[in-house]
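Read off the chains here:
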Amino acid sequence: MELNGAQIVMQSLKEEGVEFLFGYPGGAVLHLYDAIFQQDDVKHILVRHEQGATHAADAYARATGKPGVVLVTSGPGATNAVTGIATAYMDSIPMVIISGQVSLPVIGSDAFQEVDMVGITRPCVKHNFLVKDVNQLAETIKKAFYIATTGRPGPVVVDIPKDITSPLVKVPFKYPKKVSMRSYNPAVQGHKGQIKRAIDLLVNAQRPIIYSGGGVILGNASEELIKFTRMLEYPITNTLMGLGAYPGTDPQFVGMLGMHGTYEANMAMHESDLIIAIGARFDDRVTGKLTEFCPYAQVIHIDVDPASISKTVKVDVPIVGEVKPVLEHMIELLEEGKKRPNKKALEAWWNQINQWRAVNCLEYDRESNLIKPQYVIEQLYQVTKGDAIITSDVGQHQMWAAQYYPFDKPRRWINSGGLGTMGFGLPAAIGVKLAFPDTEVACVTGEASIQMCIQELSTALQYKTPIKIINLNNRYMGMVRQWQEFSYESRYSHSYMDTIPDFVKLAEAYGHVGMRIEKPEDVRPTLEAAFALKDRTVFIDFMTDRTENVYPMIEAGKAHHDMKLRVAPGTLTDRELA
Amino acid sequence: MRHMIAILIENESGALSRVAGLFSARGYNIQSLTVAPTEDPSLSRMTLVTCGSEEIIEQITKQLNKLIDVVKLIDLAESVHIERELMLIKVKATEHTREELKRLVDIFRGKIIDVTSTSYVIEMTGSTDKLDAFMSTLDPAHLIEVVRSGPIGISRGEKGLHL
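Calculation rules
- Residues numbered from 1 in each chain as written.
- Chains lettered and ligands numbered in written order.
- Predicted model: local features only at pLDDT ≥ 70, side-chain atom pairs only at ≥ 80, totals over all residues.
- Heavy atoms only, no water.
- Pairing = 2+ DSSP bridges.
- Helix = DSSP H or I, 4+ residues; strand = E, 2+ residues; numbered from the N terminus.
- Axes fitted to C-alpha atoms, helices over the stretch in contact; angles between N-to-C directions.
- Contact = heavy atoms within 4.5 Å.
- Buried < 20%, exposed > 50% of the residue type's maximum accessible area, 1.4 Å probe, protein only.
- Polar contact = N/O pair within 3.5 Å; in protein donor to acceptor, adjacent residues only side chain to side chain.
- Phe/Tyr/Trp six-rings, centres within 6.5 Å; stacked < 30°, edge-to-face > 60°.
- Lys NZ or Arg CZ within 6 Å of the ring centre and 35° of its normal.
- Domains from an automatic or database assignment.
- Buried area = accessible area lost by both parts, 1.4 Å probe.

*Asks:* Would you mind showing me how to read the sheet that holds strand 1 (residues 2-10) of chain B here?
*Replies:* Two strands in a sheet stick together by hydrogen bonds in their backbones, pointing the same way (parallel) or opposite ways (antiparallel). Residue and element names in this part refer to chain B. One open sheet accounts for four strands, arranged 2-3-1-4; its pairing is antiparallel. Looking at the sheet topology across the chains shown, the edges are occupied by strand 2 (32-37) and strand 4 (70-75). On average, each strand axis in the sheet is inclined to that of its neighbour by 15 degrees, with strand direction left out of account. Across six bridges, strand 2 lies against strand 3 (residues 43-51) in antiparallel orientation. Bridge pairing in strand 3 places Pro-37 opposite Ser-44.

As structure tokens, then:
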């Protein structure tokens, strides 16, 4: 079969089983768009800004486990995609980004809409390619998908000069079934000896805790994690990225850990004598002050990326491998072995944890006559019966969603953890809804974040992706305001906007339904009404308590046991703001 | 501590910038970096001298290994190895200094490879320490130009870095 470069790209995507291509046309990709026009296998989703394309594809990948695919033009199209590429990179999300480039003969001449995409993206991709020969196009695309989806996943950029996709040059096409690369062989199985050592430490621990992260979700190892945790009867905490890998409503789950983790999770980490980190990377938002991190604990760390091991926290038993086969092997050893955890020690440990739990750190003022953001999330959980896929933006609302919406299954909590990208939530919800048209999808956001990619409301209408936007509108960049309250004597420097659009009218202008809610008693009925509108995107603007803060909080540079708790329910919220 | 890392890397455009970019992005130190194709033209060998604590060096080797273009690497500091660096020095060689310079070059087993009525070009190879020692014998006022290749290294014995 002889095909031109543009046809090769589309045929390759088809062979990879790509359903959706999120993109935006431009000069350097016109040949490609002509090839898109002439096929029906891959559905192109036209976004309104390239950042939206990357976030939508990224969220599609997070929700489905399949790689997200993006097509952007050269120059500004490519640079607009960079934030989304970096977002995926920080959270290890498999993505393939095809960017147009100016034609080979003019590369380097500062041609119209030329940027060095390979250079710009180098620090925020797993790998990138510049295709210089149409004969290598198919193999390069195959490599891109292979690299993006194996080992520790990540985004891969394929930069394609315009002349490579020219309709005038046809070459024989055969999509390779597989590729092997001498320089890339990610480890799968963990080292058997290390796994055995880990099991010995595990069964002998007095105050153990399982600390699992996004790697369990990326590695589709949720079932194994649940089995492993229940066999041991140990407490388990999840990172922000790992929520849903273990059921959030299970009694062994002690909540999220880290900066806005629960009191019991952070205290249990601090006091533990053994932590087993599974697909988690000891992010600074998790560890707090490194020199005081888990001072009494030995550390077992399972990770597919050797560079994650002992990067910030020294590990006693490193296990390099995919989480799923390693956990399977550990479960086998536990089943075969006679050694069981010390019942007495475990009972004492759980007693201690339950005392920390009794602090009830997530309690808030339920009597307030203002809408509490926590209450909105709790009601969202009730109305969706905990079955929705929730995307979020970045800030206070993100933390509240993580704290008050327990996720019982993986791939239901879609947020930008590592990069913390405002503007992620709305395009992400569109990407998820395309993949799961029959599942409720809600985007929890705030009035600042939502404005960063608000233009995608138009995409949501075009592709009929009925999502529910839960806008926790406190008229502040809430998380910035919170830090300014705590660390800058309440000097609220530019953390509010003097003008905020009328979101109801805005939603209507984009062809959707808008609602504004100002009283707590209207929260539940409004949510019910919104979710009853099955085929409409609904923007619900909740006017929430302006002064609410996220608690508990480990302030920057402090240790796990040094948490700021809500002083007494309600008291902080009554404070007058300057 | 000083470490010498030898890297086999795909001989492709951009491979060098991936290594250099990694060091600048993560704040690692590069003391010297040399690179040239190997006997297999699809591979380049890079020799990188860096310094840092054991933890930092461990991270550097892991992060280098993570680069898709890196095929294989070793930290030569972990075994007995030989290092050589090449240096070319252009010095003023006037009536008063010509003889003395010639003797010094001989003592250090260097060679004078270009001569004019007023200058010499000296070629010197050896360990970095030896080149430093030679430099310290020269009067800075006589130096016109110094160029050093950065050290390269190879492990002793039968074992080698190859595919």
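*Asks:* I'm lost on the sheet that holds strand 10 (residues 236-238) of chain A in this one. Help?
*Replies:* Residue and element names in this part refer to chain A. Taken in spatial order, the six strands make up an open sheet running 11-10-9-12-13-14, and their pairing is parallel. On the outer flanks of this sheet lie strand 11 (253-256) and strand 14 (317-320), each paired with one strand and no other. With direction set aside, neighbouring strand axes in the sheet form an average angle of 15 degrees. Relative to strand 12 (residues 274-278), strand 9 (residues 208-212) is paired through five bridges, and the arrangement is parallel. The partner of Ser-212 across the bridge, within strand 12, is Ile-278. The strands touched by helix 12 (residues 323-336) within the sheet are strand 12, strand 13 (298-303) and strand 14, with strand 13 carrying the most contacts at an inclination of about 125 degrees.

*Asks:* Looking at this structure, I do not really get the side chain of Gln-51 of chain A. What am I missing?
*Replies:* Residues and elements named next belong to chain A. Mapped onto the elements of the fold, Gln-51 is located in helix 3 (residues 50-64). You can call Gln-51 buried: its relative accessible area is 13%. Side-chain polar atoms of Gln-51 contact the side chain of His-55, separated by 3.0 Å.

*Asks:* Looking at this structure, I do not really get the packing of aromatic side chains. What am I missing?
*Replies:* The geometry of an aromatic ring pair comes down to the distance between the two centres and the angle between the two planes. What the rule picks out here adds up to 18 aromatic pairs over all chains. Plain terms: the ring middles of Trp-349 of chain A and Trp-356 of chain A are 5.9 Å apart, the flat faces sit at 90 degrees to each other, and that makes the pair edge-to-face. Taken as a pair, Trp-349 of chain A and Trp-356 of chain A share a single burial class, namely buried. Where Phe-108 of chain B meets Phe-134 of chain B, the ring centres are 5.1 Å apart and the plane angle is 70 degrees; that geometry is what we call edge-to-face. Taken together, the positions of Phe-108 of chain B in the loop between helix 3 (98-107) and strand 6 (111-115) and Phe-134 of chain B in helix 4 (residues 128-137) put the pair 26 residues apart, joining distant regions of the chain. Comparing Phe-108 of chain B with Phe-134 of chain B shows no difference in burial state: the two are buried. Members of the aromatic cluster, joined through ring pairs, are Tyr-381, Tyr-405, Phe-407 and Trp-413 of chain A. Taking the ring centre of Tyr-476 of chain A as reference, the NZ or CZ of Arg-481 of chain A above it sits at 5.5 Å. Across the ring face of Phe-486 of chain A, the terminal group of Lys-564 of chain A is positioned such that the distance to the ring centre comes to 4.3 Å.

*Asks:* I keep staring at the domain arrangement of chain B and nothing clicks. Help me out?
*Replies:* Size of an interface, as often reported, equals the accessible area lost when the parts are brought together. Residues and elements named next belong to chain B. Structurally, chain B comprises domain 1 (2-79) and domain 2 (82-152). With six residues of domain 1 in contact, the opposing surface of domain 2 contributes six residues. Buried surface at the junction of domain 1 and domain 2, summed over both partners, amounts to about 440 Å²; 59% is from carbon and sulfur atoms. By the criterion of area lost to domain 2, the three top residues of domain 1 are Arg-2, Met-4 and Thr-34, representing 71% of everything that side buries. Summed over the shared surface of domain 1 and domain 2, the result is one residue pair in polar contact (both at pLDDT 80 or more). Those elements that place two or more of their residues in the side of domain 1 that touches domain 2 are strand 1, strand 2 and strand 3.

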